[in-house]
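# Secondary and tertiary structure notes
As a plain string of letters, each chain reads:
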Amino acid sequence: MDAVRETGAPREGGLLDRFGRVARDLRVSVIDKCNLRCTYCMPAEGLPWMPQQQLMTGEEIARIVRVAVRALGAEELRLTGGEPLVRKDLEDVIARIRFDHPDLPIAMTTNAVGLDRRAQALKNAGLTRLNASLDTLHPETFAELTRRPHLDKVLAGLEAAQAAGLGPIKINAVLLRGINDTEVVPLVDWAVTHGYEMRFIEDMPLDGDRSWTETQVVPAREIRSALEEVFDLAADPRGRGAAPAERWEVRRHGDRTLAGHVGIISSVTEPFCAACTRTRVTADGRIRSCLFSHEETDLLTALRDGASDADLAQIWRDAMWRKPRAHGSDRVGLARADFIQPERTMSAIGG
């Protein structure tokens, strides 16, 4: 950490930024395409997809992960999209990474459509666990939110994932005012009954329609209040650390038995940027130091031009050194007057 360039970026060690945070949580998008059209993520007609030659190959993804783990201290990996299951060689990508890193936790974020046919193969390839997006238990609301009638496919995928041992499975729900905000308790009740962990995510300005407003956000305090009408909540004794979700133990009123856990990711109303340990690589091999960044650093071109692992590591250190304080700038707050939404949507960035 003493060896730094004139810019301040370290010349060795991990991914340190100007505010003392060290990124150890690696998130890699494997594809930008998705088979749903969720209203808080994509426009109804979808987006222009990246050309195939622009996407990282399986071998390139594996090499970037190797650099992150061996040279930069990454401790866990999450594969994202778009929708990872749209990628036909996903099992091969995971197997490559697992071969290099026998003990690395490898998670995946998915909408679970088609997971019923691939869950066991993904487990066999080396996937550790997954998070699945599910915003509602009602078919009509699901179709309204995703613009696709696939709730049954999602539920089948979750059952298959659980049977394959891809747990603990976390269920991610984005709540939208007037659409699914009354489903807080039913979703948690369903999740703990089936052995899943429910996580609620405040709606963020990363939508394709650029129609986000703070008024449609269901804040964390309201979610907690709704839960407390039916459940007793106790802070997770393990603490939060750098996790994006504030986590709670859930018990039904009058019952001391632990029913399960629930997490709340409050990016809008209760930001946790000061503890962020994430670094992201998009499907076209660009480093994003912050989910809301307006700048990206091209890693893939350097890789394809013959850069060494040491060269790639230094490009990454330099990029993360410039990480903004919060929400794409050195000012905190998604609802502030000068906030500008990133050009890329969530599907193109990778969660």
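Attention here is on the structure that accompanies the text. Computed from a predicted model, the values in this text were never measured in an experiment.

## Examining the overall build of the protein chain
Along its length, the protein chain carries 10 helices and 14 strands. The C-alpha atoms of the protein chain give 20 Å as radius of gyration, which agrees with the globular expectation for 351 residues (20 Å, within 12%). Its C-alpha atoms give the protein chain principal-axis dimensions of about 60 × 45 × 40 Å. In the protein chain, which comprises 351 residues, the proportion classed as buried is 56%. Surface accessibility of the protein chain: about 15,100 Å² in total, with carbon and sulfur atoms responsible for 50%. Each charge sign in the protein chain was given a centre, from 47 positive and 52 negative side chains, and these centres are 3 Å apart.

## Let's talk about the environment of Gln52
Within the secondary structure layout, Gln52 lies in the loop between strand 3 (25-29) and helix 1 (58-71). Along the chain, Gln52 and Ile31 lie 21 residues apart, while their C-alpha atoms are 9.6 Å from each other.

## Focus: the side chain of Lys323
Residue position: Lys323 is located in the loop between helix 9 (309-321) and helix 10 (346-349). Salt bridges are absent for the buried Lys323, whose nearest opposite-charge side chain, Asp17, sits at 4.7 Å. Looking at Lys323, its side chain comes within polar contact range of the main-chain oxygen of Arg278, at 3.3 Å. Ignoring sequence-local partners within four residues, the contact set of Lys323 consists of Asp17, Arg18, Phe19, Arg21, Cys276, Arg278 and Ser289.

## As for the sheet that holds strand 12 (residues 278-281)
What the 12 strands build is an open sheet, ordered 9-10-11-8-7-6-5-4-3-12-13-14; its pairing is mixed. The open sheet has two edge strands with one neighbour each: strand 9 (231-235) and strand 14 (297-298). Note that strand 13 (residues 286-288) and strand 14 share 2 bridges and pair antiparallel. Each residue of the ladder has a partner; that of Ile287, found in strand 14, is Thr297. Against the sheet, helix 6 (residues 184-194) makes contact with strand 7 (170-175), strand 8 (197-202), strand 9, strand 10 (246-252) and strand 11 (260-265), and its axis sits at roughly 150 degrees relative to strand 8, the strand it touches most.

## What about the environment of Arg98?
Take Arg98: it is sitting in helix 2 (residues 90-100). A relative accessible area of 17% means that Arg98 is categorised as buried. Along the backbone, Arg98 and Ala163 are 65 residues apart, and their C-alpha atoms lie at a distance of 21 Å. Excluding residues that lie within four positions of it along the chain, Arg98 makes contacts with Asp103, Leu104, Ile106, Ala125, Gly126 and Thr128. In terms of polar contacts, Arg98 uses its side chain to reach the backbone carbonyl oxygen of Pro102, at 3.2 Å. For Arg98, the side chain forms a polar contact with the main-chain oxygen of Leu104, separated by 2.8 Å.

## Digging into the packing of helix 6 against helix 7 (residues 220-228)
Interhelical geometry of helix 6 versus helix 7 gives an angle of 65 degrees and a closest axis separation of 9 Å. Viewed along their axes, helix 6 and helix 7 form a crossing whose handedness is right-handed. Along its contact with helix 6, which presents Val184, Val185 and Val188, the element helix 7 presents Ile223, Ala226 and Leu227. Split into classes, the residues belonging to the contact of helix 6 with helix 7 amount to 6 nonpolar, no polar and no charged.

## Focus on the pattern of salt bridges
Enumeration according to the criterion identifies 21 salt bridges in this entry. Between Asp236 and Arg238 there is a salt bridge, with the nearest N and O atoms lying 3.0 Å from each other. Relative accessible area serves as the criterion here: at 9%, Asp236 is assigned to the buried category. Through salt bridges with shared partners, a single network forms among Glu197, Asp236, Arg238 and Arg247.

Conventions we followed
- Residues numbered from 1 in each chain as written.
- Predicted model: local features only at pLDDT ≥ 70, side-chain atom pairs only at ≥ 80, totals over all residues.
- Heavy atoms only, no water.
- Helix = DSSP H or I, 4+ residues; strand = E, 2+ residues; numbered from the N terminus.
- Rg over C-alpha atoms; globule rule 2.2 N^0.38 Å.
- Buried < 20%, exposed > 50% of the residue type's maximum accessible area, 1.4 Å probe, protein only.
- Areas by Shrake-Rupley, 256 points an atom, 1.4 Å probe, with all protein chains shown as cover.
- Lys, Arg positive; Asp, Glu negative; His and termini not counted.
- Charge placed at Lys NZ, Arg CZ, Asp CG, Glu CD.
- Salt bridge = Lys/Arg side-chain N within 4 Å of Asp/Glu carboxyl O.
- Polar contact = N/O pair within 3.5 Å; in protein donor to acceptor, adjacent residues only side chain to side chain.
- Contact = heavy atoms within 4.5 Å.
- Pairing = 2+ DSSP bridges.
- Axes fitted to C-alpha atoms, helices over the stretch in contact; angles between N-to-C directions.
- Left-handed = near helix turned anticlockwise from the far one by under 90°.
- Nonpolar A, V, L, I, M, F, W, Y, C, P; charged D, E, K, R; others polar.

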